There are 2 protein chains.
Amino acid sequence: MPAKRSPARRPTMKDIARRAGVSESAVSFALNGRPGVSDVTRERVRRVAEQLGWRPSTAARALSGEGAATVGLVLARPADTLGVDSFFLQLVSGIQEVLAERHLGLLFQVVEGVPDECAVYRRWWAEHRVDGVLVVDPRTDDPRPALLDELGLPAVVIGGAPDERHPGLSTVWADDAGAMASVVDGLYALGHRRIVHIAGLSGLAHTERRIRTLRAEARRRGLTGVESITTDYSDAEGAAVTRRVLGSAAPPTALIYDNDVMALAGVATATELGFSVPADVSVVAWEDSALCRMVKPWLSALSRDSVEFGRTAARELTALLDGGAAGTVRVPVPRLIERESTGPARGT
Amino acid sequence: MPAKRSPARRPTMKDIARRAGVSESAVSFALNGRPGVSDVTRERVRRVAEQLGWRPSTAARALSGEGAATVGLVLARPADTLGVDSFFLQLVSGIQEVLAERHLGLLFQVVEGVPDECAVYRRWWAEHRVDGVLVVDPRTDDPRPALLDELGLPAVVIGGAPDERHPGLSTVWADDAGAMASVVDGLYALGHRRIVHIAGLSGLAHTERRIRTLRAEARRRGLTGVESITTDYSDAEGAAVTRRVLGSAAPPTALIYDNDVMALAGVATATELGFSVPADVSVVAWEDSALCRMVKPWLSALSRDSVEFGRTAARELTALLDGGAAGTVRVPVPRLIERESTGPARGT
DNA sequence: GAAGCACTCTAAAGCGCTTTAGTACCCGTG
DNA sequence: CACGGGTACTAAAGCGCTTTAGAGTGCTTC
């Protein structure tokens, strides 16, 4: 028979009440800063609680209507595309910073796709597990805002454009359109006329925003050799698309990759095909990371502060949980860090 | 005044009881597969529950002693070293797979260091938040096992060698020593005699295991130009150490990096210094990832299945939660994938 | 033909907290 | 001196579930 552990017992409010010689309700009032107890009693109770190492049971709190002191985050990505992206862990660590201050837990789940994600929200809601959620990777025709509205689950959408159809949701986003415009500006100024955008997952809101903006910028300037090609963000597809476009009759002179991993793969592929970066083709990565300074040539990249992005999102959510109104926050436009992978177009 | 949402009400067991015309206790028995109700009643109750979309409130469950249906994972790493590592997200996604099957939640927290981590465990325990935890990055002189033992919190240590002082904890680990020995074997056979190991964080159990093994292997073969240098896993330190050792009087002919990011930085640095890989210096990365195939030369790397590692750990934890005995599981030894960054030592 | 039993079900307590309603007391007022 | 009104506190209900102790059937059994 396995030796039974003797788990230390958790102190409860009843213990405090007994030690302090007051009723449980008095303890509750005292510890929650509510009126109804004198200052000296409050102090005494607080001391006893501290001394006993008491912490409120979230279960009991949640049950008596106080909420679960937890927010949820679900990542809908296939397991194998997860590892490479530095963005998420940074985002999460920013989120954590803010949540930790308020002793809010982060319930985390990774699933295969959006339908699964919706199921998770429903389950979390029914199980009383979370007080609110952070939604990432918003999409065009996204079912999630409507669902969260229906459930009455406070939520902030990270990376989506504000959506007036769901006024209950907050939004935190970066102006991809502005960033894309500035990148095109820069490349145009360097003489680039044929530009290919190796985009991320089709259907993601920010992917579509970038694609739309690129198209608009091209039209405005009368450029015809400009296109966007969507991928799954993997190095494999990044390489494959690069190979294809560089092998065409009139290859582009500039490539914009929607993440750092694809950009890296793209440079490797270009080099392999005999293209020199940036002499023959310029490369811009949309997402800066250590990776960009780990290969030669160093990659020019759009840099944003993902940790701060996470902090902002978490702050919005806590505001919502405190009963604040939903709002929209725009974080600074990603800034283009020019390194070695961009240069004047050949022949200018 | 902000429009109040009309949150859908969650169905409770009372609702089911009413609809099914039985008592709440009968519902509880029926839904939990306990004896005490007839099969036809059980079926009826189940149907009503399903129809109502009922899910047990974890708060209520936890309160009545059933546990929180949640396990915890805390990552003690400074925020900025987090993003680069592909290992964790893969581990987490493996963990999730197993937990999701059983509707267990994963409470996730990132903190600055081990003391904070201990505080989090205490808090989680006092708040009744988790039923068990997964501990990563075990260290030499690690305070965590003792703490978890004291709290009676089921735990599985990921990556540590089994520790007989805390029989309550399970362990899942890979045989770093064996892997290191095989790498040295391979390099030795290729003629390498001066080998530098750019190790990870000093104090981590697996770092120390690798270092010890390397030293033993060197001694066994009478090699003197062999050493380990610990780093913080960052590309910056990887590059710095590489620069230093390659600049020495008798530079090593083989470098073993404890992660993929440093290996990449190392190759870049070596190339910059005029060393050709693998002609002048061979490079092995301890951790395979897409990165290793994204630079030329492709990196030879020790590969393990991190997702499966996570699954195994999660399975051990659920076994523990089910009342099983603590155990030790050894996952397969990482395998060396030989690509282009390793070759015969110059002059052999 | 009453005792015993197995079976299905109900009542009620309890988990740790919050909150409402209520009690006891003290103070100043007219 | 009775009254109103505040302050400091307690009692008790309730959140949604589990679980123990019974209660009420219909069957066997000697």
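The structure presented is a predicted model; accordingly, all values stated were derived computationally and were not measured. Within each chain, residue numbers correspond to sequence positions counted from 1 in written order. The order in which chains are written sets their letters, starting at A; the order in which ligands are written sets their numbers, starting at 1. Reporting in this predicted model follows two pLDDT cut-offs: at least 70 for local features of residues, and 80 or more for side-chain atom pairs to be given and counted; totals over whole chains, interfaces and linings ignore these cut-offs and use all residues. With hydrogens and water excluded, all non-hydrogen atoms of the structure serve as input to the side-chain values.

Draft legend 1. Seen up close, the overall build of chain A. Summing up its helical and strand segments, chain A has 12 helices and 12 strands in all. When the 348 residues of chain A are sorted by exposure, 58% land in the buried category. Counted as positive: Lys and Arg. Counted as negative: Asp and Glu, with His and the chain ends omitted from the count. By convention, charge coordinates are those of NZ in Lys, CZ in Arg, CG in Asp, or CD in Glu. The distance from the centre of the 42 positive side-chain charges to the centre of the 43 negative ones in chain A is 5 Å. Secondary structure is summarised from DSSP: a helix means a run of H or I of at least four residues, a strand means a run of E of at least two, and numbering begins at the N terminus for each. Exposed residues in this analysis have more than 50% of their type's maximum accessible area, buried residues have under 20%, and partly exposed residues fall in between, with area computed by a 1.4 Å probe over protein chains only.

Draft legend 2. Just the sheet that holds strand β10 (residues 300–303) of chain A, in detail. All names here are of chain A. Two strands pair if DSSP finds at least two bridges between them. Taken in spatial order, the six strands of this open sheet run β7-β6-β8-β9-β10-β12, and their pairing is mixed. Strands with a single pairing partner mark the edges of an open sheet, and in this sheet they are β7 (226–230) and β12 (335–337). For this sheet, the mean inter-axis angle between neighbouring strands, taken without regard to orientation, is 20°. Relative to β12, β10 runs antiparallel, the two being bridged by three bridges. What counts as an axis is a line fitted to C-alpha atoms, over the stretch in contact for a helix, and the angles between N-to-C directions run from 0 to 180 degrees.

Draft legend 3. Up close: the protein's contact with DNA strand D. Throughout, the term near means that a residue has one or more heavy atoms lying within 4 Å of the molecule or strand in question. Taken together, 27 residues form the shell around DNA strand D, and within it Ser-23, Ser-38 and Thr-41 of chain A together with Met-13 and Arg-61 of chain B come nearest. A breakdown of the atoms of DNA strand D within 4 Å of the protein gives sugar and phosphate a share of 60%. Take Ser-28 of chain B: an N or O atom from its side chain is 2.9 Å from a phosphate oxygen of DNA strand D. Between Ala-60 of chain B and DNA strand D, the recorded distance is 3.5 Å, taken from a backbone N or O atom to a base nitrogen. Secondary structure elements with two or more residues in the surface near DNA strand D: α2 (24–31) and α4 (58–66) of chain A together with α2 (24–31) and α4 (58–66) of chain B. Polarity classes work like this: nonpolar for Ala, Val, Leu, Ile, Met, Phe, Trp, Tyr, Cys and Pro, charged for Asp, Glu, Lys and Arg, and polar for all others, with Gly in that last group. Class assignment for the residues of the surface near DNA strand D results in 10 nonpolar, 12 polar and five charged. Pairs of N or O atoms within 3.5 Å make up the polar contacts considered here, provided that, within protein, one atom can donate a hydrogen while the other can accept it, and that residues adjacent in sequence are counted only when both atoms are side-chain atoms.

Draft legend 4. Quick look at the pairing of strand β8 (residues 254–257) of chain B. Residue and element names in this part refer to chain B. Side chains of β8 alternate between two faces, with Ala-254 and Ile-256 and Leu-255 and Tyr-257 buried alike. With four bridges joining them, strand β6 (residues 195–199) and β8 adopt parallel strand pairing. Each bridged residue has a counterpart across the sheet, and for His-197 the counterpart in β8 is Ile-256. Both β8 and strand β9 (residues 282–286) contribute to a ladder of four bridges, which runs parallel. Looking at the pairing, Ala-254 lines up with Ser-282 of β9.

Draft legend 5. Fine view of helix α11 (residues 260–272) of chain A. All names here are of chain A. Expected helix span is computed as 1.5 Å times (number of residues minus one). Taking 1.5 Å as the rise per residue, α11 with 13 residues should run 18 Å; its terminal C-alpha atoms sit 18 Å apart, in good agreement. Of all 13 residues in α11, 11 are buried; the element is thus mostly enclosed. Within the span of α11, buried status applies to Asp-260, Val-261, Met-262, Ala-263, Leu-264, Ala-265, Gly-266, Val-267, Ala-268, Thr-269 and Ala-270. Against the buried residues of α11 lie α5 (86–101), β6 (195–199), α10 (235–246), β8 (254–257) and β9 (282–286). Where α11 terminates, the next one or two residues include Gly-274, which has phi positive at roughly 90°. Note on contacts: a residue pair qualifies if any of its non-hydrogen atoms lie within 4.5 Å across the two residues.

Draft legend 6. Looking closely at the nonpolar core. Grouped together as the largest cluster of nonpolar side chains are 60 residues, with contacts concentrated most on Leu-255, Val-283 and Leu-299 of chain A together with Leu-255, Val-283 and Leu-299 of chain B. If sequence neighbours within four positions are ignored, Leu-299 of chain B has contacts with Ala-263, Leu-264, Val-267, Val-283, Ala-285, Cys-292, Arg-339 and Ser-341 of chain B. Ile-95 and Leu-99 of chain A together with Leu-89 and Val-110 of chain B belong to the second-largest nonpolar core, a separate cluster that totals 54 residues. To define a nonpolar core, start from buried Ala, Val, Leu, Ile, Met, Phe, Trp, Tyr and Cys residues and group those joined through side-chain atoms within 4.5 Å.

Draft legend 7. Layout of the interface of chain B and chain A. Listed per partner, the contact involves 59 residues of chain B and 59 residues of chain A. A 1.4 Å probe defines the accessible area here, and the buried area is the portion of it lost by two parts on being joined, summed over both. Taken over both partners, the interface formed by chain B and chain A buries close to 5400 Å², and the fraction arising from carbon and sulfur atoms is 61%. Each salt bridge in this description consists of a side-chain nitrogen of Lys or Arg and a carboxyl oxygen of Asp or Glu lying within 4 Å of one another. Applying the counting criterion to the chain B and chain A interface returns two salt bridges. The partner of Glu-127 of chain A in a salt bridge is Arg-55 of chain B, with the nearest N and O atoms 2.5 Å apart. Here chain B and chain A share 16 residue pairs in polar contact (both at pLDDT 80 or more) between them. Taken together, the elements giving at least two residues each to the side of chain B that touches chain A come down to α4, α5 (86–101), β2 (105–111), α6 (114–126), α7 (144–151) and α11 (260–272) of chain B. Ranked by residue count, the leading element in the side of chain B that touches chain A is α5 of chain B, at eight residues. Its residues assigned to classes, the side of chain B that touches chain A shows 35 nonpolar, 14 polar and 10 charged. Strand direction decides the pairing type here: strand β2 (residues 105–111) of chain A and β2 of chain B, joined by three bridges, are antiparallel. For Phe-108 of chain A, the partnering residue across the bridge sits in β2 of chain B and is Leu-106 of chain B.

Draft legend 8. Summary view of the relation of the copies chain B and chain A. In superposing the copies, a least-squares fit is computed on C-alpha atoms, taking residues whose pLDDT is at least 70 in both. Mapping chain B onto chain A leaves a residual RMSD of 0.1 Å; the transformation is a rotation of 180° accompanied by 0.0 Å of translation along its axis. What the rotation and shift describe, once combined, is the action of a two-fold rotation axis. When the interface residues of chain B are mapped onto chain A, 98% of them again fall at the interface, so both copies present the same face.

Draft legend 9. Seen up close, the sheet that holds strand β3 (residues 132–135) of chain A. Across the sheet, which stays open at both edges, the 12 strands sit in the order β11(A)-β5(A)-β4(A)-β3(A)-β1(A)-β2(A)-β2(B)-β1(B)-β3(B)-β4(B)-β5(B)-β11(B) with mixed pairing between neighbours. In this open sheet, the two edge strands, each paired with only one partner strand, are β11 (328–331) of chain A together with β11 (328–331) of chain B. The average undirected angle you get between the axes of adjacent strands in this sheet is 20°.

Draft legend 10. Molecular detail of the protein's contact with DNA strand C. Not every one of the 27 residues close to DNA strand C is listed here, only the nearest: Met-13 and Arg-61 of chain A together with Ser-23, Ser-38 and Thr-41 of chain B. Backbone sugar and phosphate groups make up 61% of those atoms of DNA strand C lying within 4 Å of the protein. Interatomic distance of 2.9 Å between a side-chain N/O atom of Ser-25 of chain B and a base nitrogen of DNA strand C. Listing elements by their share of the surface near DNA strand C, those giving two or more residues are α2 and α4 of chain A together with α2 and α4 of chain B. Taken together, the residues that form the surface near DNA strand C break down as 10 nonpolar, 12 polar and five charged.

Draft legend 11. Just the confidence of the model for chain A, in detail. Across the chain, each position has a pLDDT score giving the predictor's confidence in that residue, from 0 to 100. On average, residues of chain A score 91 in pLDDT, and 96% of them reach the 70 mark or higher. Every residue in residues 1–6 of chain A is under pLDDT 50, and counting partners more than four places away or in other chains gives six contacts.

Draft legend 12. The packing of helix α8 (residues 176–189) of chain B against helix α9 (residues 205–221) of chain B, seen in detail. All names here are of chain B. Where α8 contacts α9, the two axes come as close as 9 Å, and the packing angle between them is 40°. Classed by the angle they form, the pair α8 and α9 counts as oblique. Considering how the two elements wind past one another, α8 and α9 form a crossing that is right-handed. Side by side, α8 and α9 meet where Asp-176, Ala-177, Met-180, Ala-181, Val-184, Asp-185 and Tyr-188 of the first sit next to His-206, Arg-209, Arg-210, Thr-213, Leu-214, Glu-217, Arg-220 and Arg-221 of the second. Residues belonging to the contact of α8 with α9 are distributed by class as follows: six nonpolar, two polar and seven charged. In this scheme, roughly parallel covers angles under 35 degrees and roughly antiparallel covers those over 145, while 65 to 115 is roughly perpendicular and the rest are oblique. Note on convention: near helix rotated counterclockwise from far helix by under a right angle means a left-handed crossing. Clockwise means right-handed.

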